[in-house]
Amino acid sequence: MASGPAQPGALSAEQAKVVLAEVIQAFAAPENAVRMEEARDNACNDMGKMLQFVLPVATQIQQEVLKAYGFSCDGEGVLKFARLVKSYEAQDPEIASLSGKLKALFLPPMTLPPHGPGLGGSVAAS
């Protein structure tokens, strides 16, 4: 391979950490925070609407950072970066932590349905 700018998907774990941190910082930028807030408001915690409103904004924010690292400036570049990060998560707890923080910025927390007694009505203890 010729040396030069890193090929997309050829980031080392250390480089991936730097890029992840930059992406997270991009979400904190005031204009991006406002865009995400508006998208979340439009989605109203509806998963279908999250995909319609929140995901495209989150993808655009990530694209702005990732294009500087040689990833294509489209959804595919974001997916390649996500796959790369995923490949490092198991071996690097810091990457796993940063990845979790990034996902929390645009994915709603997953709540499991309640199990056990009390699931279909309330039993008042007197």
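Residues numbered from 1 in each chain as written. Predicted model: local features only at pLDDT ≥ 70, side-chain atom pairs only at ≥ 80, totals over all residues. Heavy atoms only, no water.

Chemist: What is the right way to read the confidence of the model for the protein from this model?
Modeler: Do not read the predicted coordinates in detail wherever pLDDT is low. When the pLDDT values of the protein are averaged, the result is 84; 78% of them are 70 or greater. Taken as a whole, residues 1-6 scores under 50 in pLDDT and shows three contacts with residues more than four places along the chain or in a different chain. Considering only residues more than four positions removed or in separate chains, one finds that residues 121-126, a stretch of pLDDT under 50, has zero contacts. (pLDDT = per-residue confidence, 0-100. Contact = heavy atoms within 4.5 Å.)

Chemist: What is the right way to read the packing of helix α1 (residues 13-28) against helix α3 (residues 47-66) from this model?
Modeler: Angle between the axes and distance between the axes: these two values describe a pair of packed helices. The geometry of α1 relative to α3 is characterised by a closest axis approach of 9 Å and an angle of 130° between their N-to-C directions. In terms of orientation, α1 lies oblique with respect to α3. As for how α1 packs across α3, the hand of that crossing is right-handed. Across from V19, E22, V23, A26 and F27 in α1, the residues of α3 making contact are A58, I61, Q62, V65 and L66. Looking at the contact of α1 with α3, its residues break down into eight nonpolar, one polar and one charged. (Axes fitted to C-alpha atoms, helices over the stretch in contact; angles between N-to-C directions. Helix = DSSP H or I, 4+ residues; strand = E, 2+ residues; numbered from the N terminus. Parallel < 35°, antiparallel > 145°, perpendicular 65-115°, else oblique. Left-handed = near helix turned anticlockwise from the far one by under 90°. Nonpolar A, V, L, I, M, F, W, Y, C, P; charged D, E, K, R; others polar.)

Chemist: Hey, could you run me through unusual backbone geometry in this one?
Modeler: With the exception of glycine, most residues fall at negative phi, and the peptide bonds are largely trans. Notably, C44 is not glycine yet its phi reads approximately 50°, a positive angle. Assignment of secondary structure puts C44 in the loop between α2 (30-43) and α3. Since its relative accessible area comes to 56%, C44 is described here as exposed. Although it is not a glycine, N45 sits at a positive phi angle of roughly 60°. Inspection of the secondary structure assignment puts N45 in the loop between α2 and α3. (Buried < 20%, exposed > 50% of the residue type's maximum accessible area, 1.4 Å probe, protein only.)

Chemist: Looking at this structure, I do not really get helix α4 (residues 75-89). What am I missing?
Modeler: Owing to its 3.6 residues per turn, the α-helix aligns residues three or four sequence positions apart on the same side. In a regular helix each residue adds 1.5 Å, so 15 residues correspond to 21 Å; α4 covers 21 Å between its end C-alpha atoms and thus fits that length. Residues of α4 that are buried include every one of G77, V78, F81, L84, V85, Y88 and E89, and no others. End-on, the buried residues of α4 take up no more than an arc of 145°, which puts them together on one face. At its buried positions, α4 is contacted by α1, α3 and α5 (93-106). Its side-chain oxygen 3.0 Å from the backbone nitrogen of E76, D74 forms the N-cap of α4. (Expected span 1.5 Å × (residues − 1). Arc of directions from axis to C-beta. Polar contact = N/O pair within 3.5 Å; in protein donor to acceptor, adjacent residues only side chain to side chain.)

Chemist: Is there a simple way to think about the packing of α2 against α3 in this case?
Modeler: Where α2 meets α3, the axes come as close as 8 Å, and the angle between the chain directions of the two elements is 170°. Overall, the two elements α2 and α3 adopt an arrangement that is roughly antiparallel. Every residue of α3 that contacts α2 at N32, R35, M36, A39, R40, N42 and A43 is listed here: K49, M50, F53, V54, V57, A58, Q60 and I61. For the contact of α2 with α3, a count of residues per class yields nine nonpolar, three polar and three charged.

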